[in-house]
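Take a look at the letters that make up each chain.
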Protein chains: 2
Amino acid sequence: MREVYIVGIGQVPVREHWDTSLRHLGAQAVLAAMADAEVEHLDALYVGNMLSGALNQQEHLGALLADFVGYRGIEAMKIEAACASGAAALRVGYSMVASGLSDIVAVLGIEKMTEPKGRETTAALAMAADGDYEADQGVSFVALNALLMRRYMHQYQVSHEEFAEFAVVAHENGANNPNAMFRRPITANDFVRSPQVCSPIRLLDASPIADGAAAVILTHKDVAKSLTRPPVCIAASALAIDSLAIHDRRDPLFLAAGAKSAHDAYQQAGITPSEVDFFELHDAFSIMAALSLEAAGFAERGGGAHLANEGAIRIDGRIPICTMGGLKARGHPVGATGIYQVVEIAQQMRGEAGGNQLTSPRWGMAQNIGGSGASIVTHILRAP
Amino acid sequence: MREVYIVGIGQVPVREHWDTSLRHLGAQAVLAAMADAEVEHLDALYVGNMLSGALNQQEHLGALLADFVGYRGIEAMKIEAACASGAAALRVGYSMVASGLSDIVAVLGIEKMTEPKGRETTAALAMAADGDYEADQGVSFVALNALLMRRYMHQYQVSHEEFAEFAVVAHENGANNPNAMFRRPITANDFVRSPQVCSPIRLLDASPIADGAAAVILTHKDVAKSLTRPPVCIAASALAIDSLAIHDRRDPLFLAAGAKSAHDAYQQAGITPSEVDFFELHDAFSIMAALSLEAAGFAERGGGAHLANEGAIRIDGRIPICTMGGLKARGHPVGATGIYQVVEIAQQMRGEAGGNQLTSPRWGMAQNIGGSGASIVTHILRAP
């Protein structure tokens, strides 16, 4: 199996892109990544996307986008794993290069959620949950997360305001990221006073619906050597699933798929959690940030929020998270998020993280979560 | 790169399955394939599906189905390439085993098209075409194929009735397949007198909307040796794209992506078209059967229908096609079709094709087409 490297990155700023179509957003990200890598040809394009059918009345994104960027005749397809679609597509691209089936591929994460042509966005997002036993009963995605958060607060005796640090740090980091949707720092007071969305979740617990596209170019060592950018190695790639419906899980407050995929990833990379220099986690809601820290082995169960309040998740902390703003401040265009995460890890490793730059990070980890924890993908990247 | 084998097959009869849910259909096919292979564990499940979001209000099929068949913790995801979703998922499964990332995986093709909960089926299918330049202009999928057929008839001076043989042979073969939706033979006269759907396409030019699920179990040589079933080798796997919109193609009557993926597949398998013993092609409409025969090198351009009328496509012909009924008679549950095709090739190679059994076929080819030719996947299988 060949080692796989990220040799180019591209991203569109996360915004409400009223004037830019789905295909233009995708093409901008892919062409930016190709320009960054200085490659002029692709063997394949893998597209992570969840909702193009529901919101843009367009399936078949693989062919649409591969043709639109100018590469008729190559391989292309769309990969879907709810909000983990981006990282799932990365895993497919990784496999194609690792196996020797392809030499140079692009992996694009894309979602255009504002200006829906079809279904209403909240209803569309609920398709990540169990249709028969959750969504059809009227449980929206924010409601599922609210149930988890309420249970967590009760079981571990954690107050709502103890989650503030996740949002405060995300906004602080987002302020320095020109591609972030929200660039205004917030205070813990803003957090606790923000409007109630679905008790106990308040507005500043939740990541925003947004439009975005991010892409990486993958290749193997021989090609990577001949290119300009310092190649970032994908040292581990793992995906695990849990039940779609929360009520089917043995312990709803433990992300079993997160623990499984993180465990597999540590094994593949040959490292322990203590060696991870920073962690791009999936803070779709602040409760998910806490659960992801716990599943990945950075905090005790019930200790995710405490870890945050010890200052550990800040840029200068023990395990910085969401270093470019995370889902909360950079924004969460669902199928694109998993690729934004690895693009940001590459930025850190290439010394291109601006005001949020970490000091020579060696290992970066990304965890992309689909549904309320049903599909979790963990990637570990190694600095050049 | 490891060689990949099909060691188990499973299929649900193609029907209007009013009493069976999406998840039950999928589980039946996967569990049947696992029972056939006599394996009790999977490393991963790859699901080919196009329309679960639009028609079943359910995305995230990977986790849903992997959990429902009892395998929490494994890897799972959905792959979409319009009507070529099944074969695209097969290619992902193939890559995962070939690379060494997985040892035993299931690939499921599934679609539940009758009883739609969401969008109307014709509108949903149009999402395989270019949304901005085709579907939004009111061109349905049958209309796109009608435009192609009309142009073909004019350019190559072929009459509508000369396409009859495709439907006649498909129904003749479907009559012997218990999993086929239509098991009644038809005559050329039935064909030309069938109701007009979208001139020149008549009802018996078109494959039916249906519910279905089919699965294969893939593994590498070492595991295959230890199992009971004669292992069918995936000797070639290739996917190529063309423009989504027909009007963007250099020659609308040439399936460039079909020619490219077939060419790549012949190279990988080390064979020429003349060595292919039978061809499971994508006869969604009879015009597509003609174009696929031409793109794959079995007929001259404009000669697909003539080849059929020479008797070449029958079970005892030079290049039998649609040996278990094809899309026309077996039925076309879109995302499932690509897997039904390879399941049927395996049936032929294992001597399980009943009344349609070919005499010791060595090479079988499948071509699965997405959209009006925008994503075309070619697989070549080698008999045990």
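We now turn to the structure provided with this report.

As for the interface of chain B and chain A
Phase 1: At the junction of the two partners, chain B supplies 61 residues and chain A supplies 61 residues.
Phase 2: Where chain B abuts chain A, roughly 4,800 Å² becomes buried across the two surfaces, and 51% of that area is made up of carbon and sulfur atoms.
Phase 3: Summed over the shared surface of chain B and chain A, the result is six salt bridges.
Phase 4: Where chain B meets chain A, there are 29 residue pairs in polar contact (both at pLDDT 80 or more).
Phase 5: The set of elements that each furnish at least two residues to the side of chain B that touches chain A consists of helix H2 (52-56), helix H3 (61-68), strand E3 (75-80), helix H4 (85-99) and strand E8 (232-241) of chain B.
Phase 6: If one sorts the elements of the side of chain B that touches chain A by residue count, H4(B) sits on top with eight residues.
Phase 7: Note: strand E3 (residues 75-80) of chain A against E3(B), three bridges, orientation antiparallel. Within the sheet, the bridge partner assigned to A:Lys78 lies in E3(B) and is B:Glu80.

Notes on H4(B)
What sets the pattern is the α-helix's 3.6 residues per turn: residues three or four places apart point alike.
Phase 1: End to end, H4(B) covers 21 Å across 15 residues, agreeing with the expected 21 Å (1.5 Å per residue, within 8%).
Phase 2: Counting buried positions along H4(B) gives 15 out of 15 residues, so the element sits mostly inside the fold.

Focus on helix H1 (residues 22-37) of chain B
All names here are of chain B.
Phase 1: With 16 residues, H1 extends 23 Å from end C-alpha to end C-alpha; this agrees with the ideal 22 Å at 1.5 Å per step.
Phase 2: Along H1, the positions that sit buried rather than exposed are Leu22, Arg23, Leu25, Gly26, Ala27, Ala29, Val30, Ala33, Met34, Asp36 and Ala37.
Phase 3: Summarising the contacts, the buried residues of H1 are in contact with strand E1 (4-11), strand E2 (44-48), H2, H3, strand E4 (104-112) and strand E7 (211-220).
Phase 4: Where H1 ends, the next residue or the one after it, Glu38, has phi of about 55 degrees, a positive value.

Conventions used here
- Residues numbered from 1 in each chain as written.
- Chains lettered and ligands numbered in written order.
- Predicted model: local features only at pLDDT ≥ 70, side-chain atom pairs only at ≥ 80, totals over all residues.
- Heavy atoms only, no water.
- Contact = heavy atoms within 4.5 Å.
- Buried area = accessible area lost by both parts, 1.4 Å probe.
- Salt bridge = Lys/Arg side-chain N within 4 Å of Asp/Glu carboxyl O.
- Polar contact = N/O pair within 3.5 Å; in protein donor to acceptor, adjacent residues only side chain to side chain.
- Helix = DSSP H or I, 4+ residues; strand = E, 2+ residues; numbered from the N terminus.
- Pairing = 2+ DSSP bridges.
- Expected span 1.5 Å × (residues − 1).
- Buried < 20%, exposed > 50% of the residue type's maximum accessible area, 1.4 Å probe, protein only.

By themselves, these are just geometric observations and shouldn't be taken as functional.
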